[in-house]
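Chain by chain, the residues run as shown.
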Amino acid sequence: MKIFETKQALQDFIDEHRSKNTLIGFVPTMGALHEGHLSLIEKSKQHGAATVCSIFVNPTQFNDPKDFEKYPKTLEEDIQKLELAGCEALFLPSVEEMYPEGMQQLPHYSLGRLEELWEGAHRPGHFQGVCVIVHRLLEAVRPDLLLMGSKDFQQVAVIRYLLAHYSFEPNMELIPCETIREASGLAMSSRNVRLSPEQKIQALAIYHGFDMIRMAIFEQKTRETEVLEQQFAQQLLDAGFESVDYIAFADPFSLEPITDLSQTFVVLVAASIGGVRLIDNQLFPHELFKRV
Ligand code: AMP
């Protein structure tokens, strides 16, 4: 695997592959890689793409400076994992490389309601930071395929919006990939390393909350989203979560809240345990409940 620290060096690699008509797949990450990240590399390779991964802990997307300071860094292991996964190139830029003009006066992205809902409301400025860095990374890599995890469901919606409303390579395809979970059901996340073994078990309450919703609908107990939200939140608090930012029943594209559970919907959750904020989600395709 080739490692590049500057956009210029990366550009030469990309140009070489482009001249051979090879597809370029791109997986942006913040490192501390786990199987969730590696599944995106694998998906890119399944498309026959030369795969570029980036590792950059982007300061402008952290609304909480402590979260930024504590963000896990495991570069040596990350490089080994990427080598084993068959990733062709790693882009490892410095803050100066990505923000040569500093981080004070950055462009503003109009994201409509996506910035007001859920993560947008609870992490002010987060999606602005995400858009700035993804925009710059996409300009550097100019990929054919952009692979992102549905674990960050709203982030995928924001990037879909960004690609539709700002000018990018016309044929670039955004590929949302499924959430990879531990055998227990816990969604893999770089932040999980900050959980104790006991907290990892307590955190399963999120996964069990999704089951609770499925069962409530199947058993025709209730379809009242407000009731289900309250029950879910209580289960999280009972399990040991110290706070619940939101439990949302939402339209999978607009992310607007919904109350009609006969259409496809997504349940989005953000809650904190042991000072670690976890997010997760589950899609409920309407076919699931057709016969109910
Ligand atoms: P991050 O390093 O957390 O910024 O994540 C980089 C990419 O990996 C994003 O597209 C995430 O959605 C994706 N990702 C993170 N966790 C998972 C997971 N458990 N399963 C699938 N993709 C994931």
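Overview of the structure. These numbers were taken from a predicted model, which means no experiment stands behind them. (Residues numbered from 1 in each chain as written. Predicted model: local features only at pLDDT ≥ 70, side-chain atom pairs only at ≥ 80, totals over all residues. Heavy atoms only, no water.)

### A word on the overall build of the chain
Here comes step 1: When helices and strands are counted, the chain shows 11 helices and nine strands.
Here comes step 2: Since a compact globule built from 292 residues should have a radius of gyration of about 19 Å, the 20 Å found for the chain is in line with a globular shape.
Here comes step 3: Taking the principal axes of its C-alpha atoms as reference, the chain extends roughly 60 × 40 × 40 Å.
Here comes step 4: The buried share of the chain, reckoned over its 292 residues, is 51%.
Here comes step 5: Looking at the chain alone, contacts between residues at least 24 apart form 72% of all its contacts between residues at least 6 apart.
Here comes step 6: With an accessible surface of roughly 13800 Å², the chain has 51% of that area assigned to carbon and sulfur atoms.
Here comes step 7: Computed over 26 positive and 41 negative side-chain charges, the separation of the two mean positions in the chain equals 2 Å. (Helix = DSSP H or I, 4+ residues; strand = E, 2+ residues; numbered from the N terminus. Rg over C-alpha atoms; globule rule 2.2 N^0.38 Å. Buried < 20%, exposed > 50% of the residue type's maximum accessible area, 1.4 Å probe, protein only. Contact = heavy atoms within 4.5 Å. Areas by Shrake-Rupley, 256 points an atom, 1.4 Å probe, with all protein chains shown as cover. Lys, Arg positive; Asp, Glu negative; His and termini not counted. Charge placed at Lys NZ, Arg CZ, Asp CG, Glu CD.)

### Looking at the side chain of T179
Here comes step 1: Structurally, the position occupied by T179 is in the loop between strand 6 (173-177) and helix 9 (197-202).
Here comes step 2: Within the structure, T179 has its side chain in polar contact with the backbone nitrogen of K151 (distance 3.1 Å). (Polar contact = N/O pair within 3.5 Å; in protein donor to acceptor, adjacent residues only side chain to side chain.)

### Here we look at the sheet that holds strand 7 (residues 243-250)
Here comes step 1: Taking strand neighbours across the sheet as the criterion, the three strands line up as 7-8-9 in an open arrangement whose pairing is antiparallel. The sheet is open, and its two edges are formed by strand 7 and strand 9 (276-284), each paired on a single side. Between one strand axis and the next, the sheet turns by 10° as a mean value, whatever way the strands run.
Here comes step 2: Relative to strand 9, strand 8 (residues 265-273) is paired through nine bridges, and the arrangement is antiparallel. Note on strand 9: the bridge partner recorded for F265 is F284. (Pairing = 2+ DSSP bridges. Axes fitted to C-alpha atoms, helices over the stretch in contact; angles between N-to-C directions.)

### Regarding the sheet that holds strand 4 (residues 89-91)
Here comes step 1: Strand order in this open sheet of six strands is 1-4-3-2-5-6, and the pairing throughout is parallel. Strand pairing shows two members of the sheet lacking a second neighbour, strand 1 (2-4) and strand 6, which therefore form its edges. Across the sheet, the mean angle from the axis of one strand to that of its neighbour is 25°, orientation sign disregarded.
Here comes step 2: Judged from the three bridges that link them, strand 3 (residues 50-55) and strand 4 form a sheet pairing that is parallel. Looking at the pairing, V52 lines up with A89 of strand 4.

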